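The chain contents come next:
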Amino acid sequence: MTAAETDPPPLSGAAPTTTHPATTHPTTTHPATKHPNRRAWTVTGLLVVFMMVNFADKSVLGLAADEIRADLGLTATEFGLANSAFFLLFSVSGALVGLLLADRVPTRRLLLAMAVLWSLAQIPPAIGGGLAVLIGSRLVLGAAEGPAFPVAQQAALSWFPDHRRNLPGALVTLGVTLGVITAAPGLTWVIQEHGWRAALWVVGAVGAIWAVLWLLLGGDGPFRSDDVPGGSSTPGTAPGADPPRRTSPEPAGTVPVPATVPAPAPAVTAAGAVPGYRRVLATRTWAGVTLAYFSSYWIVGLMVAWLPSYLRNGLGYSADTAGTLVVSPWAVGAVVLLGQAVLTGRLMRRGVSSRTARGRIGGAMLLIGAVSLFCVPLADTTTAKTALLALGLGTGGSYATIAATTVAELAPPRRRGGALGTMNAVVTTAGLIAPVVVGRFVDTQGDAGYQSAVLLSGALLTLGALASLTLVDPARDAARLDPARPGPGLRK
């Protein structure tokens, strides 16, 4: 997806603004498309930390699984239900925010509101209470975290043009892995030394600190509305500032720009109307990437809720060792994410189609994860099982960046937030189902239930890989949504 790019004069002057129809103009290279500025990387860094806090909030129950079950007298299925409660409103809020707010409200405000709610949601179970309080807290936390990933991705990608979005998108996703590396050992120590309720106070405090930093430094980028610098702001508005509200109506399909600058064109159909959400969500690419991401998110749900317990009870590790080893699949995922980002970016800059650079690369990752998980029961030693588990979960759970950048390429700018949010809402139902299913396996099969969960996960990754390999072609479907829309390059 490459939109028209213009070279506007400095915005510091008093150039008058006029409204131009959204028409196609000759393209030139804007400096921002070559060298994203320091502000872009500062915001991206904050969003990486945002996802680190996001992981710590949702994972603390999994890290304290045995302690919580013993303290509250819960069965594995009941504990799985408490984890699933997190995802009950997670999906709904993700869809609602994506469809109703993400394309209308600055992401700066949305992310700030989420971080504040995360911290508040931790307080009731940190004070006391049983299963009901725990479930209620997780419901609120899930509702507040539901839109987090797509909105964070939208915020990060708004600072970069399409051909430079793979790295920042991967870094935001990498925040989850960094959250594991930093939070898992630290929270495990807090849980062992001070109890699981103390760990809730810790993550709540960290979320509050991030909210203050974001309030001071966060913002929306110049590519929020299109791949043209300045597409989301009016002249005189600094990049990242909340755009001013219009005081008078303007014709549909127009953008206020300096009088001397050609107007960037939003992606519209040949008939002049922005394609509706129904058309975007009906594409093979959106369906394929959503199915593939669903299988990958199943892995995430399993790791968050049950991986620490699996390492302790299924593979026989001590609590301290499990708290360290739980990092290994996420570390593998970090390497895979960065490698995929570099490879995809290099392929696309060479003119390779996003069908290959995103769809096929992503499908191959899921397939590697599936094969690794299928091999876990065949391994003879605990070390081999652990290594295969880390490879399978780490590789299979790393599809998020491909999903986000693929939908960002597919959807017109004014449908991008809704398309991302709806995808996230569908995908995260995997997190609602996985903890209960695994808990049921453990209750009915004992420790052997963990192995059944691994095999089921391998089967789901296989289906996701096939969907990514056969259905995902964002350039093709973007062209069908808008025949006049320029493609990203040569198809190979």
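Look above for the structure.
Just so it is clear, the structure is predicted and the values come from calculations on it, not from any experiment.

Here is what the cut-offs are and how they apply
Residues numbered from 1 in each chain as written. Predicted model: local features only at pLDDT ≥ 70, side-chain atom pairs only at ≥ 80, totals over all residues. Heavy atoms only, no water. Helix = DSSP H or I, 4+ residues; strand = E, 2+ residues; numbered from the N terminus. Buried < 20%, exposed > 50% of the residue type's maximum accessible area, 1.4 Å probe, protein only. Contact = heavy atoms within 4.5 Å. Areas by Shrake-Rupley, 256 points an atom, 1.4 Å probe, with all protein chains shown as cover. Patch = residues over 30% accessible without salt bridge, like charges linked within 9 Å, V, L, I, M, F, W, Y side chains within 5 Å. Salt bridge = Lys/Arg side-chain N within 4 Å of Asp/Glu carboxyl O. Lys, Arg positive; Asp, Glu negative; His and termini not counted. Charge placed at Lys NZ, Arg CZ, Asp CG, Glu CD. 1 Å grid on protein atoms, 1.4 Å probe; cavity = no way out; pocket = protein on both sides within 12 Å on 5 of 7 lines; lining within 4 Å. Points joined across faces, edges and corners; volume = space filled by probe spheres on them. Phe/Tyr/Trp six-rings, centres within 6.5 Å; stacked < 30°, edge-to-face > 60°. Axes fitted to C-alpha atoms, helices over the stretch in contact; angles between N-to-C directions. Left-handed = near helix turned anticlockwise from the far one by under 90°. Nonpolar A, V, L, I, M, F, W, Y, C, P; charged D, E, K, R; others polar. Core = buried A, V, L, I, M, F, W, Y, C linked by side-chain atoms within 4.5 Å. Polar contact = N/O pair within 3.5 Å; in protein donor to acceptor, adjacent residues only side chain to side chain.

**Comments concerning the overall build of the chain**
Here is step 1 of the chain: Helix and strand counts for the chain come out as 21 helices and two strands.
Here is step 2 of the chain: Split into buried and exposed, the 492 residues of the chain put 57% on the buried side.
Here is step 3 of the chain: Partitioning the contacts of the chain with sequence separation of at least 6, the portion at a separation of at least 24 is 83%.
Here is step 4 of the chain: Counting only carbon and sulfur atoms, one obtains 67% of the accessible surface of the chain, whose full area is about 18,600 Å².

**Some details on a positive patch on the surface**
Here is step 1 of the chain: On the surface, Arg164, Arg346, Arg349 and Arg350 cluster together to form a positively charged patch.
Here is step 2 of the chain: For arginine 349, a relative accessible area of 54% corresponds to the exposed category.

**Comments concerning empty space enclosed by the protein**
Here is step 1 of the chain: Taken as a whole and assessed by the stated rule, the structure comprises ten cavities of 30 Å³ or more.
Here is step 2 of the chain: Estimates place the volume of the largest cavity at around 340 Å³.
Here is step 3 of the chain: Taken together, 29 residues line the largest cavity, and the ones lying closest to its centre are Thr173, Val176, Tyr297, Val300 and Ala400.

**A few points about a nonpolar patch on the surface**
Here is step 1 of the chain: A cluster of nonpolar residues, Leu88, Leu89, Val92, Leu96, Leu100 and Leu101, forms a patch on the protein surface that exposes about 510 Å² of accessible area.
Here is step 2 of the chain: Among the structural elements, leucine 89 can be located in helix 4 (residues 76-101).

**Considering the packing of aromatic side chains**
Here is step 1 of the chain: Across all of its chains, the model carries nine aromatic pairs by this definition.
Here is step 2 of the chain: Aromatic side chains phenylalanine 50 and tryptophan 210 sit 4.8 Å apart centroid to centroid with 50 degrees between the ring planes, which places their arrangement in the tilted category. Here the residue phenylalanine 50 occupies a position in helix 2 (residues 38-63), and tryptophan 210 occupies one in helix 10 (residues 196-217), the gap between them amounting to 160 residues.
Here is step 3 of the chain: Residue phenylalanine 50 is classed as buried on the basis of its relative accessible area, which comes to 0%.
Here is step 4 of the chain: Taken together, a centroid distance of 6.4 Å and an interplanar angle of 65 degrees make the contact between tryptophan 306 and tyrosine 450 edge-to-face.

**Thoughts on the packing of helix 8 (residues 148-157) against helix 9 (residues 166-194)**
Here is step 1 of the chain: Direction vectors running N to C along helix 8 and helix 9 enclose 145 degrees, while the axes themselves pass 9 Å from each other. For helix 8 against helix 9, the interelement crossing comes out right-handed. Residues Phe149, Ala152, Gln153, Ala156 and Leu157 of helix 8 touch helix 9, and the partners they reach there are Gly169, Val172 and Thr173.
Here is step 2 of the chain: Split into classes, the residues belonging to the contact of helix 8 with helix 9 amount to five nonpolar, three polar and no charged.

**Examining the nonpolar core**
Here is step 1 of the chain: If you look at the biggest cluster of nonpolar residues, it comprises 117 residues, and the most contacted ones within it are Leu47, Phe50, Leu111, Tyr293, Tyr399 and Met423.
Here is step 2 of the chain: Those residues in contact with tyrosine 399, other than ones at most four positions away along the chain, are Val289, Ala292, Tyr293, Ser296, Gly362, Gly363, Met365, Leu366, Ser468 and Val472.

**Section: the side chain of serine 137**
Here is step 1 of the chain: By the secondary structure assignment, serine 137 is in helix 7 (residues 131-145).
Here is step 2 of the chain: What makes serine 137 buried here is its relative accessible area of 6%.
Here is step 3 of the chain: Here alanine 121 takes part through its backbone oxygen, which lies 2.6 Å from a polar atom of the side chain of serine 137.
Here is step 4 of the chain: Leave out the neighbours within four places in its chain, and serine 137 touches Ala121, Gln122 and Pro125.

**A look at the pattern of salt bridges**
Here is step 1 of the chain: Per the stated rule, a full pass over the model turns up six salt bridges.
Here is step 2 of the chain: A salt bridge links aspartate 71 to arginine 197, with the nearest nitrogen and oxygen atoms 4.0 Å apart. One end of the pair, aspartate 71, is in helix 3 (residues 65-72); the other, arginine 197, is in helix 10, with 126 residues separating them in the sequence.
Here is step 3 of the chain: Classification of aspartate 71 by relative accessible area gives partly exposed; the value is 45%.

**Things to note about the environment of threonine 428**
Here is step 1 of the chain: Among the structural elements, threonine 428 can be located in the loop between helix 18 (413-427) and helix 19 (429-445).
Here is step 2 of the chain: A sequence separation of 135 residues divides threonine 428 from tyrosine 293, and the C-alpha atoms of the two residues are 9.0 Å apart.
Here is step 3 of the chain: Residues contacting threonine 428, with those up to four places away along its chain left out, are Phe87, Phe90, Ser91 and Tyr297.

In short, the description is geometric, and any link to function would need to be established separately.
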